[in-house]
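# Fold and geometry: a report
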Amino acid sequence: MKIATQNLREIPDFISVPDDQLQWLIDKSHLQKYMIGDFAFKKGDSIDSLFIVLKGKIEIKIEQNGNYKFVGFIHTNNIGGLLPFSRASSALGYGEVIEDTEVLILEKHFFKEMISDHYELTESLVHNMTSRVREFTKNNVQSEKMMALGKLSAGLAHELNNPASAMLRSAKALKKHLSNVPEKFKRITSIKISEDVVDILNTILFEKINDRPENNMKLTERNEKEDELEEWLEDHGVDNAFELTETLLDFCMGIPAMEEIHRATGDHNFPHAIEWIENVLTTEKMVDEIEEASDRISSLVQSVKSYTHMDQAPEKEPIDIHTGIKSTLTMLNHKLKKKNISLEKDFQDDLPKPKIFVSEINQVWTNLIDNAIDAMAHSGTLLIRTSKDNSFIKIDIIDDGEGISEEHLTKIFDPFFTTKSIGKGTGMGLEVVQRIISQHNGDIKVSSKKGETIFTVCLPIN
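Residues numbered from 1 in each chain as written. Predicted model: local features only at pLDDT ≥ 70, side-chain atom pairs only at ≥ 80, totals over all residues. Heavy atoms only, no water.

### Topic: the overall build of the protein chain
Just so we agree on the cut-off: In this text, helices come from DSSP runs of H or I with a minimum length of four residues, and strands from runs of E with a minimum of two, each type numbered from the N-terminal end. Throughout, exposure labels follow a simple rule: accessible area from a 1.4 Å probe, protein chains only, divided by the maximum for the residue type, with under 20% read as buried, over 50% as exposed, and the rest as partly exposed. Contacts were defined at the residue level, with two residues in contact if any of their heavy atoms lie within 4.5 Å.
Counting its secondary structure elements, the protein chain contains 14 helices and 13 strands. Within the span of the protein chain, comprising 462 residues, buried residues form 42% of the whole. For the protein chain, the share of sequence-separated contacts (at least 6 apart) that also reach a separation of at least 24 residues comes to 77%.

As structure tokens, then:
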């Protein structure tokens, strides 16, 4: 293939480069051909030349634990490899040729002459490099945000499903329960009792409702109490005693309370009175369950808003660092419960409020806490500790997992490095964490040994 300057001028970066400089590039370069299935480069290869794809397509992929993940393509009129002033030294992934490809290659030793004598050509390549870095950063930050969202979404769906299902069950049960009220109301209106007796019943009933006691009975004790109460109610003329005992004991209304009600109402009125009391307590219990489930959903939604900071402008602002950590823990609670991990929080009170990008810092907590959970065996312990260290807020995230090997410890902040399988990690998590912390003029360190890994984040107060 004979290469002319007009061929290179089809590349957008070279539109303003003079012909003599493009001709210099052609004269100093050599043509390389690749067939389908060849590798233009492999992981670890030295990056020591600039290449321009004149025709064809190369697929870029990275390796994670023996599997390959697609990153992107380099195709016709794309520039790749080493660029002026770039610090890249070795390839992080693989470039597999998927269409027969021809590339123009300029070796690194010509760069000094190019920078010295060919300003416009050098400028266009530097511009290409900055655009590449910007696009790479944007794509991988977005990818990591999606990964962080993925870590949370499954758990959030699980956490929301439980109270939503509880609300649905309670609402259906309440509707069925209320359909039986007319018959019960008919029986209660047939009772002839004095106002004093009504006052006694109201006092007993609403004391239990307004100041509902904790019911901490063990299962065996509870079963014994239910059997005793059922037998007592049957002995005192209550036909459907079995249906009433559960709710009555939920409100700690045992035999002593029944005796008090029986003394006030007498043998004839007692069965109808106790049926009505149980009816009111059942309604109260179902409404409580719906309220509790609603509060749980509201709390989860508030945690999502706090985590994403969706209702705030994307600006740095002073904020209590504990708020984001607590929201993240709420979102990851399903993983803690699934592995029966014990959570310990050692939070210093009245910490100064550092100025931060809230959603970005929350992304840091997601990555670090999620990694800590993954590193621990069943029934591990996760400790999160906060403190003031001179002019910094210090956050320690400590797990008692297997630890990070010394070999991996030096690489964990490198782009694309991960020990997780494909689909479980982008290899960008800790690299993004480090970048976010650097944007805040902070620092992150890690120390690890078997049974204790500590990630320490320091954020400046001012």
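### Concerning the confidence of the model for the protein chain
Basically, it comes down to this: Values of pLDDT, which run from 0 to 100, indicate the predictor's confidence residue by residue.
Averaged over the protein chain, the pLDDT score is 82; the fraction of residues at 70 or greater is 82%. Within the protein chain, strand β11 (residues 392-399) carries the highest mean pLDDT (96), whereas helix α5 (residues 181-189) carries the lowest (60).

### Focus: the packing of helix α7 (residues 219-235) against helix α8 (residues 241-250)
For clarity, the cut-off: Structural elements are reduced to axes, namely lines fitted to C-alpha atoms, with helices fitted over the stretch in contact, and the angle between N-to-C directions of any two is expressed from 0 to 180 degrees. Oblique is the label for every angle not falling under 35 degrees (roughly parallel), over 145 degrees (roughly antiparallel), or within 65 to 115 degrees (roughly perpendicular). Left-handed describes a crossing whose near helix is turned anticlockwise from the far helix through less than a right angle; right-handed describes the clockwise counterpart. Gly counts as polar in this scheme, as do all residues outside two lists: the nonpolar Ala, Val, Leu, Ile, Met, Phe, Trp, Tyr, Cys and Pro, and the charged Asp, Glu, Lys and Arg.
At their nearest, the axes of α7 and α8 sit 9 Å apart, and the two run at 125° to each other. The orientation of α7 relative to α8 falls into the category oblique. For the pair α7 and α8, the crossing hand works out as right-handed. Of the residues in α8, those touching α7 at Arg 222, Lys 225, Glu 226, Leu 229, Glu 230, Leu 233 and Glu 234 are Ala 241, Phe 242, Thr 245, Glu 246, Leu 248, Leu 249 and Asp 250. Residue classes in the contact of α7 with α8 are distributed as six nonpolar, one polar and seven charged.

### Observations regarding the pattern of salt bridges
Condition: We count a salt bridge whenever a side-chain nitrogen from Lys or Arg sits within 4 Å of a carboxyl oxygen from Asp or Glu.
Overall, the coordinates contain twelve salt bridges when judged by the stated rule. Close ionic contact of Glu 102 with Lys 33 constitutes a salt bridge, the shortest N to O distance being 3.9 Å. Taken together, the positions of Glu 102 in strand β6 (residues 94-107) and Lys 33 in strand β1 (residues 30-34) put the pair 69 residues apart, joining distant regions of the chain. Across the salt bridge formed by Glu 226 and Arg 222, the nearest N and O atoms sit 3.0 Å from each other. Of this pair, Glu 226 and Arg 222 are both found in helix α7, four residues apart, which corresponds to roughly one turn of the helix. A cluster of three or more residues bridged by salt bridges with shared partners is formed by Arg 222, Glu 226, Asp 250 and Lys 285.

### Looking at the environment of Ser 46
Relative to the helices and strands, Ser 46 is located in the loop between β2 (39-41) and β3 (49-64). Each C-alpha atom, one on Ser 46 and one on Ser 90, is 4.4 Å from the other, the two residues being 44 residues apart in sequence. Among residues more than four places away in sequence, those in contact with Ser 46 are Ser 89 and Ser 90.

### Topic: the nonpolar core
The line we're drawing: Side-chain atoms within 4.5 Å are what join buried Ala, Val, Leu, Ile, Met, Phe, Trp, Tyr and Cys residues into a set we call a nonpolar core.
One finds Trp 365 and Ile 395 to be the most contacted residues of the largest nonpolar core, which totals 36 residues. Where this core is concerned, the elements lending two or more residues are α10 (321-331), α12 (358-375), β10 (381-389), β11, α14 (429-439) and β13 (452-460). Here this core takes eight residues from α12, the largest share from any one element. Not counting chain neighbours up to four residues away, the residues in contact with Trp 365 comprise Ile 321, Gly 324, Ile 325, Thr 328, Asp 370, Ile 395, Ile 397 and Val 457. Grouped together as the second largest cluster of nonpolar side chains are 25 residues, Ala 241, Ala 257, Ala 273 and Leu 281 included.

### Side note on the pairing of β11
Counted only if it meets this: Strand pairing is defined by DSSP finding a minimum of two bridges between the two strands.
In terms of burial, β11 is a largely internal element, six of the eight residues being buried. Strand direction decides the pairing type here: β10 and β11, joined by eight bridges, are antiparallel. Within β11, the residue paired with Asp 389 across the bridge is Phe 392. Bridging between β11 and β13 involves eight bridges; their strand directions are antiparallel. By the bridge assignment, Phe 392 is partnered in β13 with Pro 460.

### Here's the deal with the environment of Glu 406
Positionally, Glu 406 belongs in helix α13 (residues 406-409). For the pair formed by Glu 406 and Ser 448, sequence separation is 42 residues and the distance between their alpha carbons is 8.3 Å.

### Describing the sheet that holds strand β8 (residues 342-346)
Across the sheet, five strands lie side by side as β8-β10-β11-β13-β12; this open sheet has mixed pairing. Two strands bound the open sheet, and with one partner strand each, they are β8 and β12 (443-449). Taking each pair of neighbouring strands and ignoring which way they run, the sheet shows an average axis angle of 15°. The sheet contact formed by β12 and β13 spans seven bridges and is antiparallel. Looking across to β13, one finds that Val 446 is bridged to Phe 455. Along the sheet, α10 contacts β8, β10, β11 and β13; its crossing angle with β10, the most-contacted strand, is approximately 170°. α12 contacts β10, β11, β12 and β13 of the sheet and is inclined by roughly 25° relative to β11.

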